[in-house]
Amino acid sequence: MLEMDKINTYYGTSHVLQNVSLTVRAGQSVALLGRNGAGKTTTLRSIMGLTPPKTGAIRFEGTPIRGLPPYEVAKNGISYMPDDLRIFPDLTCEENLELARRVCKRPGYWTREKVEQLFPVLADRRKQKGLSFSGGEKKMLSLGRALMMNPSLVLLDEPSEGLAPLVVRKLVETIGEIRQHGLTLLLADQNLKFCKQVCEYGYILEKGIIVHEGSMEAIWANEEVVKRYLAV
Amino acid sequence: MESFVHVCLAGISAGMFIWLVASGLTLIFGVLRVLNFAHGSFYMLGAYLCYTCLRFLGIDFWLGVIVGPLAVCVVGYVMERFLLRRVYDLELPYQLLLTFSMVLIFDELVKIIWGAGSIGSPSVPGLSGSLMIAGRNFPVYNLFIMIVGPLVAVGLWAFLERSWWGKIIRAAASDREMAAAIGVKVPSLYTAVFVIGAWLSAVGGALAVPYVGLLTTGMGEAIIINAFVVVVIGGLGSLKGAFLGALFIGLLSSFGTRYIPTLDMSLTFILMGVVLLWRPQGFFAGVDR
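What this report covers is the structure whose coordinates are included nearby. In this text the structure is predicted, and so the values were computed from the model without any measurement.

Residue and element names in this part refer to chain A. Spatially, 2-1-4-5 is the arrangement adopted by the 4 strands of the open sheet, whose pairing is antiparallel. What marks the edges here is a single partner per strand, and that holds for strand 2 (14–24) and strand 5 (63–64). Here strand 1 (residues 2–11) runs beside strand 4 (residues 55–60); their pairing, made up of 5 bridges, is antiparallel. In the strand pairing of strand 4, L2 is matched with F60.

All names here are of chain A. Residues of strand 6 (residues 78–81) alternate between two faces, with I78 and Y80 on one and S79 and M81 on the opposite face, all of them buried. As paired strands, strand 6 and strand 7 (residues 153–157) are joined by 4 bridges and run parallel to one another. From the neighbouring strand, Y80 faces strand 7, where its bridge partner is L155.

To continue, consider the interface of chain A and chain B. Listed as interface residues are 21 residues of chain A and, on the opposing side, 17 residues of chain B. Going through the elements one at a time, helix 2 (70–75) and helix 3 (93–104) of chain A are the ones with two or more residues in the side of chain A that touches chain B. Considering each element in turn, the side of chain A that touches chain B owes the most residues, 6 residues, to helix 3 of chain A. For the side of chain A that touches chain B, the per-class residue count stands at 15 nonpolar, no polar and 6 charged.

Let us look at the sheet that holds strand 8 (residues 184–188) of chain A. Residues and elements named next belong to chain A. Spatial ordering of the open sheet is given by 6-7-8-3-9-10, a layout of 6 strands whose pairing is mixed. The sheet is open, and its two borders are formed by strand 6 and strand 10 (209–215), each paired with just one other strand. Shown here is a sheet whose adjacent strand axes are inclined to one another by a mean of 15°, direction ignored. When strand 3 (residues 29–33) meets strand 8, the two strands line up parallel, connected through 4 bridges. Paired with S29 across the strands is L185, a residue of strand 8. Across the sheet, helix 6 (residues 135–148) lies against strand 6 and strand 7, angled at about 175° from strand 6, the strand it touches most.

Conventions adopted
- Residues numbered from 1 in each chain as written.
- Chains lettered and ligands numbered in written order.
- Predicted model: local features only at pLDDT ≥ 70, side-chain atom pairs only at ≥ 80, totals over all residues.
- Pairing = 2+ DSSP bridges.
- Helix = DSSP H or I, 4+ residues; strand = E, 2+ residues; numbered from the N terminus.
- Buried ≥ 20, exposed ≤ 12 C-beta atoms within 10 Å, placed from the backbone.
- Contact = placed C-beta atoms within 7 Å.
- Nonpolar A, V, L, I, M, F, W, Y, C, P; charged D, E, K, R; others polar.
- Axes fitted to C-alpha atoms, helices over the stretch in contact; angles between N-to-C directions.

Here it is, written out as structure tokens:
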């Protein structure tokens, strides 16, 4: 479904991603692992067209998308939950959700009612402005907004970050529910245990280079890799 | 007492023209993050094109108020689409240079097309008389302007708060990158916002035709300076600030001219200086968009 072939991305003159290649198959859930500053966010931003790679190829469902502006990427069916969540602060919860659906114009399973069933708290806070939300609520709203675009691939940046263990457990269930509706996921996260619960396959990034890949079980079992690339 | 009421009324009506220019200026800044020096030129072009409609094409003033600003929308479209778009990613001085050069170009174009001299402006059918207010005559047209200004404010507020277009504009103003990531075609949105801003300013100019009495190429610069003061005081990007600021500047210069004529023009700048020292972000920055 998504193939990245040797992409190189720069911030100014610093060469952030170096020949990064990865594949996400339809229906799969794939993790991008690595320490802070390894290039996980940049990888997601490169796919989304927010930080366009200088070279390399990105194909999504067979269409080349490298160099497309973010709104074209979104309309092709990729949605994005950034690590800082980026709720539109002066729109209400409902408006944040509906705007995504109206702008993206992709028909599909997800409607505001469906998203509110998934996250009941969003129904309670329907008319409140995004600015007043707690961190966890913002996360649900940002994820809900990504779903409202009815994408076929969702990019999630640090979904488990800053959540209490109990909430992370809930998130694992939620992601399971989302996947039942045929969504493919690519998520960047530092929480190896969480990734093992929600993903089948993983890539490990270090200093902008893919240094290891494998099934999540294999990564989990490989103590040397975990110690070398992931232990803090 | 009589003169006090009249000075107030004159100030409010003058403020409404500044508001129409400042509203577009602040809207464009809020979304595009570009300070458009040439915004006063849209006001001037709106006035000249409206005047042309009624003097040379022989159409009604009211039709001129519609047609003139629509023509300015085309000018605004071309300017954003083919010039401004090239400088968004450059540093601020490039944007200022470009929009300032547009001021000079528009001024010269107006001189070439309409001549260097001022042209007398006509009276408006239906609104040319005056009313007795507080013992003196006050032009009906100025009262009409005092109604139009707030109506535009309410209309603009409703558009931004209630319509989905307005919500998209607010979303992009607060976070253009995320707006693009949910599928907002940001370049088209920028063009649309720029054209709306140009239209607001041009409507101000068209409506100013009977008010100012004389059309001159300097009218654009005169109003843009006031509009800049207004948006600085009100807070860049804030429509509420622009409305209240325009009202305030209108009143201040009206009272200044009447009671302290020696300070007249400098009063607004003194005020701006004080505000900048005391509250550099303006009074409404960050309160709304």
